[in-house]
Amino acid sequence: MDVDGKLTDTTVLVVDDVAASRYAMGTVLRRAGHQVVPVATGGQALVELDVRLRKGMLPDVALVDVDLPDMSGFELCRRLKERPHMAGLPVVHFSAAAVAPGDRCQGLDAGAETYLTVPAEPEEIEAVVRAAVRTARLRADDQALVRRLTLLSQAIVTIQAARSPQELADAAADSTARLTGTPAAVFVLGPDEELYCGTSRDRTSLALPDAGAHRAVAGLLRRLTRGQSGVQITTVPAPLWPAGFFRPGIQHDGRLAMVLTQDGKAPVCLATPTRGVRRVNPEDEALVAQLAQATALAAEPLLMYQVERHVALTLQHSFLPQPHRLPELPGMDVVVRYVPASQDTEIGGDFYAALRTDEGVLTAVGDVVGHSLEAATVMVEIRHALRAYCVEENDPAVLAERLDRMLQHYHAEVTATVCLALIDPGTGRTRIANAGHIPPLILRDTGDADYAKADGPLLGLGLPHPPPTELFLEPADRLLMVTDGLIETRGTDLTISMEQLRSAAIGSLPGLDALCDTLLACFGHDREDDIAMLALQLRSEGN
């Protein structure tokens, strides 16, 4: 555009089968500062446009004569508008012959921007071309903005669905790359100085960043965000960035970093390569800034949850007895397994216990409803309460009622499931009280397996608990107690999953370890809940 606000340096395709008219139109346009591509027919115009499309050099506007020898100007316009990559090319029809209003409407219906009657004054021709180009560019800008806003909204949805800081960094990197059209790297710096780094999928670097590179970036982010808040846009000299975060072969003098800090909390950085002093589109900056804000808002609860999860896991590992620390249980072998939920899911309140009592061995497997630090804390209270109660009481149903009252008194909003089994190793007599839990699976020496017919209400509801179910175990029988985290699958009825568990248990090799390992191999991958498992077997005489 020149100092008078006129468009210059645009390319105009002139389609006219009359050489003199084509020359005259071209002369007017060249004097106005435009480049002219003259062709004589509609077919030649389509070929020329195809060549230019492959080179990425489409003209800015097409001036098309209505009367062409091989097709009408209206037909040529229709064919152009049907091609996705040419639909945005503005078309101006012109004719020296009188054209009826209906024919003008036909051109507009075909997609043309306007109609020009020639001969016309040079100023009028230039004004028509200028208006058509400006309208097309505004329309293209609007379409591009809509596409970018659509990408932004899709990116924010993806970012908000992230379940861990690392998943968040990966999603934000891919979203930044799609939004800017360049490779991207995203860094989330946690309060413990742990750096979560995500790079876009188009990265093909052979040299991966090492621990030193991560430390260098973490230090750089701390320096950039010290005393800052909100979105900061800065260009970092390339030597300050360690190798490996972007693919090789990108020539640059610096990298544009979008840095955001939330009142001194963990900073988030969205980084893309930039060349020297190349100006960045302000609209792209605004969109990436919004993406940075969305990433930071999503990062805060995820990082807080990482801390809470660590505390909950520490709590569980501290209070759940390790297999090698189980008490010596005369006349009985016990094997336990505990598998926390996958790294990206919330911690639960699953637990197990094996306790010596005056009347035998009391085993328990339970699950506090919910996934949080509170669930893990209540789990610890239930285990300690059970240990205390069974000093003076052995009846599983009475123990379940006491645990129920304890929950109602101290944690009125919490419920839990638990299955209690009191086994006399000498006689095999087994009494089972079940409070809303999966009943124990009894695997007989005959090769059959059935769930004990024991049920009752959840703990914490204040409902009466039925008398315990009584059965007898033979020395070759195995009793299995699990939490639903082993088999529960969203969208699948629990009874179906229980039947699958029963079938897998029947097919396991003899022994308690083999039973537990088989079930974990079948069901224990990428679970959304913790898994607690306890298997026991009476010792034969002489063992």
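Look a little higher up for the structure.
Residues numbered from 1 in each chain as written. Predicted model: local features only at pLDDT ≥ 70, side-chain atom pairs only at ≥ 80, totals over all residues. Heavy atoms only, no water.

Would you explain the sheet that holds strand β20 (residues 531-538) in this entry?
Two pairing modes exist for strands in a sheet, parallel and antiparallel, and in both the strands are linked by backbone hydrogen bonds. Read from one edge of the open sheet, five strands run β11-β20-β19-β16-β17, paired in antiparallel fashion. Each edge of the open sheet carries a strand with a single partner, namely β11 (332-339) and β17 (449-451). Strand-to-strand twist across the sheet, computed as the mean angle between neighbouring axes with direction ignored, equals 15°. Pairing of strand β19 (residues 478-482) with β20 involves four bridges; the strand directions are antiparallel. (Pairing = 2+ DSSP bridges. Helix = DSSP H or I, 4+ residues; strand = E, 2+ residues; numbered from the N terminus. Axes fitted to C-alpha atoms, helices over the stretch in contact; angles between N-to-C directions.)

Looking at this structure, I do not really get the pattern of salt bridges. What am I missing?
As enumerated under the stated definition, the model contains 16 salt bridges in all. Note that Glu-82 is salt-bridged to Arg-78, the shortest N-O span being 2.4 Å. You can see Glu-82 and its partner Arg-78 sitting in helix α3 (residues 73-82), four residues apart, about one turn around the helix. For Glu-82, a relative accessible area of 52% corresponds to the exposed category. Here Arg-78 falls in the partly exposed class, since its relative accessible area comes to 33%. Here Arg-431 ties to Glu-359 by a salt bridge, and the two come within 2.7 Å at their closest N and O atoms. Taken together, the residues span a long stretch of sequence, with Arg-431 in strand β15 (residues 429-435) and Glu-359 in the loop between β12 (349-357) and β13 (360-368) at a distance of 72 residues. Exposure remark for Arg-431: the relative accessible area of 13% places this residue in the buried category. One network of salt bridges, in which partners are shared, links Glu-75, Arg-78, Arg-79 and Glu-82. (Salt bridge = Lys/Arg side-chain N within 4 Å of Asp/Glu carboxyl O. Buried < 20%, exposed > 50% of the residue type's maximum accessible area, 1.4 Å probe, protein only.)

Looking at this structure, how should I read the side chain of Thr-176?
Along the chain, the position of Thr-176 falls in helix α6 (residues 165-180). The buried category is assigned to Thr-176, whose relative accessible area is 1%. Within the structure, Thr-176 has its side chain in polar contact with the backbone oxygen of Ala-172 (distance 2.7 Å). In contact with Thr-176, other than residues within four places in its own chain, are Ala-184, Val-186, Leu-270, Thr-272 and Leu-291. (Polar contact = N/O pair within 3.5 Å; in protein donor to acceptor, adjacent residues only side chain to side chain. Contact = heavy atoms within 4.5 Å.)

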